[in-house]
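Structure assessment
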Amino acid sequence: MSSMKIGIVCYPTVGGSGVIATEMAMHAARSGHEAHLISYQRPSRLKRAVPGLRCHDVQVSAYPLFRFPPYDLALATRMLEVQESEGVEIFHVHYAIPHAISAYLARAMGGGDLRFITTLHGTDITVVGAERAYTRPTKFAIDQSNAVTAVSRYLADETMLMFGVRKEIEVVPNFVDTQRFKPGKVGRFYEREDDERVIVHASNFRPVKRIADVVRAFSLISAKIPARLRLAGEGPDKEHALAVAGDLGCADRIEFLGNKEDIEGVLEDADLFLSASESESFGLSMLEAMSCGVPCVSTNVGGVSEVLGDTGVLTSLANPEEMAAGALRLLESPELHAENGRRGRERAESLFAQDNVMNQYYELYERVLKA
Ligand code: GMT
């Protein structure tokens, strides 16, 4: 494979799409390609300089007349500048709105030879794309992309259904660095001296995550066995989670960790991962937990079953009782727990290892460049 100059556009936040985009840029640079990350600030996942990877900030004018500064225009200009100054051959934009529209505009402004791939992540389709103001631009951007990928079969099907697009949407799943996210040294509850089970949830605490259901399920679990809940992340529903925990009398067994830089350290120490989302196109934190050999209990929504397969436990939505029962089944049986953790790790390694998935993207880049 020859070396490519790749532009990657993403949101720089701790959300899964920004994490995946940043990991892709780092992988591309380590693999001998030249990677250019374009965003409004340095992505949070990028901790240190990586040779071969450069960040390009997008500056948005704060002109007083602008009630809503036009980020999409500034991004389009930046993409074109980076193409012209760095010779970027292909752009990969993560999250349709507005990134794919900016790419289209950059292409039009630059005379038409800019090629871009759009990766759909989930809420760009199911939430933002469903809003009347954004439906037509989303459909348009998909049609104008040189190739489109979705992170799960569920999301690809949902996109075709919602937008009636005829364009092929390839499924390329999210990935995990299985060397970084690996089973910890401390061991699971049945290998430790203490018998307190550590349950982890990691998210952006948005309403879609139904964080109160995580707390309710935990309250039921901790009424049966000694347990502690660690909540990693930040977001609007944190106060609500605290209030629910207070009402249920389990607040003293819940730790709020905030946004953790070393989330792998938190996952390595966990005995179980809980997710109560009402919508999840993929569920990247669950994959990271699986890779650490941590069994997951999750609502069976969106693309979650494609990630978990037959590892862990899938439950119905808005049903903390069922979630607690599933968690207790795993936590009260060392054999079942070990078996699920082992199979989760194997699944992460065989289907979602970073090198394998990245090779699918590199092949796609080459196909688009040759077309
Ligand atoms: O909605 C979020 O939680 C953030 C969003 C994002 O932009 O990071 O997450 C979506 O993309 C992730 C990475 O592909 C997926 O793992 C999440 O499942 C997806 N979120 C939803 O579908 C709700």
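Everything quoted here is computed from the prediction, not taken from an experiment.

1. What about helix 6 (residues 153-163)?
Within helix 6 the residues assigned to the buried category are Leu 155, Ala 156, Thr 159 and Phe 163. Down the axis of helix 6, the buried set is contained in an arc of 105°. They therefore lie on one face. In this structure, the buried residues of helix 6 make contact with strand 5 (115-120), helix 4 (123-128), helix 5 (132-144), strand 6 (147-150) and strand 7 (169-171). Taken from the residues just after helix 6, Gly 164 is the one with a positive phi, measuring 60°.

2. A few points about the site of the ligand
The ligand sits among 18 residues. The nearest are Gly 16, Ser 17, His 121, Asn 174 and Glu 280. In the model, an oxygen atom of the ligand is placed 2.6 Å from a nitrogen or oxygen of the Ser 17 main chain. Between the ligand and the protein, one listed contact pairs an oxygen atom with a backbone N or O atom of Gly 283 at 3.1 Å. For the ligand, the accessible surface in isolation is 470 Å², of which the surrounding protein chains cover 94%. Of the residues in the shell around the ligand, the class split is four nonpolar, 11 polar and three charged. Here the shell around the ligand spans two domains, and each of domain 1 (5-175 + 353-370) and domain 2 (197-351) adds at least three residues to it.

3. Things to note about the domain arrangement of the chain
As far as domains go, the chain holds domain 1 (5-175 + 353-370) and domain 2 (197-351). Summarising the inter-unit geometry, the C-alpha centres of domain 1 and domain 2 are found 29 Å apart. Facing the 20 residues of domain 1 at the interface are 15 residues of domain 2. Summing both partners gives a buried area of about 1,300 Å² for domain 1 against domain 2, and 56% of it is carried by carbon and sulfur. Inspection of the domain 1/domain 2 interface yields one salt bridge. A salt bridge links Arg 45 to Glu 288, with the nearest nitrogen and oxygen atoms 3.3 Å apart. Linking domain 1 with domain 2 are six residue pairs in polar contact (both at pLDDT 80 or more). Of the residues assigned to the side of domain 1 that touches domain 2, the class counts are 10 nonpolar, seven polar and three charged.

4. Digging into helix 5
Of the positions making up helix 5, those classed as buried are Thr 138, Ala 141 and Ile 142. One side of helix 5 holds all its buried residues, which, seen down the axis, span an arc of 100°. Structural note: helix 5 exposes Arg 132 and Arg 136 on the side pointing more than 90 degrees away from its buried face. Taken together, the buried residues of helix 5 touch helix 3 (99-109), strand 5, helix 4, strand 6 and helix 6.

5. Regarding the packing of aromatic side chains
Aromatic ring pairs are reported here in terms of the distance separating the ring centres and the angle at which the planes meet. Tallied over the full model, the rule gives seven aromatic pairs. Ring centres 5.4 Å apart and planes at 80° place the aromatic pair Tyr 11 and Tyr 95 in the edge-to-face group. Of the two residues, Tyr 11 is situated in the loop between strand 1 (5-9) and helix 1 (16-30) and Tyr 95 in the loop between strand 4 (90-94) and helix 3; the sequence distance between them amounts to 84 residues. Residue classification places Tyr 11 among the partly exposed positions, given a relative accessible area of 22%.

6. Concerning the nonpolar core
Counting residues in each nonpolar core, the largest one holds 70 residues, and the members touching the most others are Leu 53, Phe 273 and Tyr 365. For this core, the element with the highest residue contribution is helix 1, accounting for eight residues. Both of domain 1 (5-175 + 353-370) and domain 2 (197-351) provide at least three residues apiece to this core. Here Tyr 365 is in contact with Met 4, Ile 6, Met 24, Ile 90, His 92 and Ile 117, once residues within four sequence places are set aside. Listed in part, the 30 residues of the second largest apolar core include Phe 189, Val 214, Ala 217 and Val 244.

Calculation rules
Residues numbered from 1 in each chain as written. Predicted model: local features only at pLDDT ≥ 70, side-chain atom pairs only at ≥ 80, totals over all residues. Heavy atoms only, no water. Buried < 20%, exposed > 50% of the residue type's maximum accessible area, 1.4 Å probe, protein only. Helix = DSSP H or I, 4+ residues; strand = E, 2+ residues; numbered from the N terminus. Arc of directions from axis to C-beta. Contact = heavy atoms within 4.5 Å. Near = heavy atom within 4 Å. Polar contact = N/O pair within 3.5 Å; in protein donor to acceptor, adjacent residues only side chain to side chain. Areas by Shrake-Rupley, 256 points an atom, 1.4 Å probe, with all protein chains shown as cover. Nonpolar A, V, L, I, M, F, W, Y, C, P; charged D, E, K, R; others polar. Domains from an automatic or database assignment. Buried area = accessible area lost by both parts, 1.4 Å probe. Salt bridge = Lys/Arg side-chain N within 4 Å of Asp/Glu carboxyl O. Phe/Tyr/Trp six-rings, centres within 6.5 Å; stacked < 30°, edge-to-face > 60°. Core = buried A, V, L, I, M, F, W, Y, C linked by side-chain atoms within 4.5 Å.

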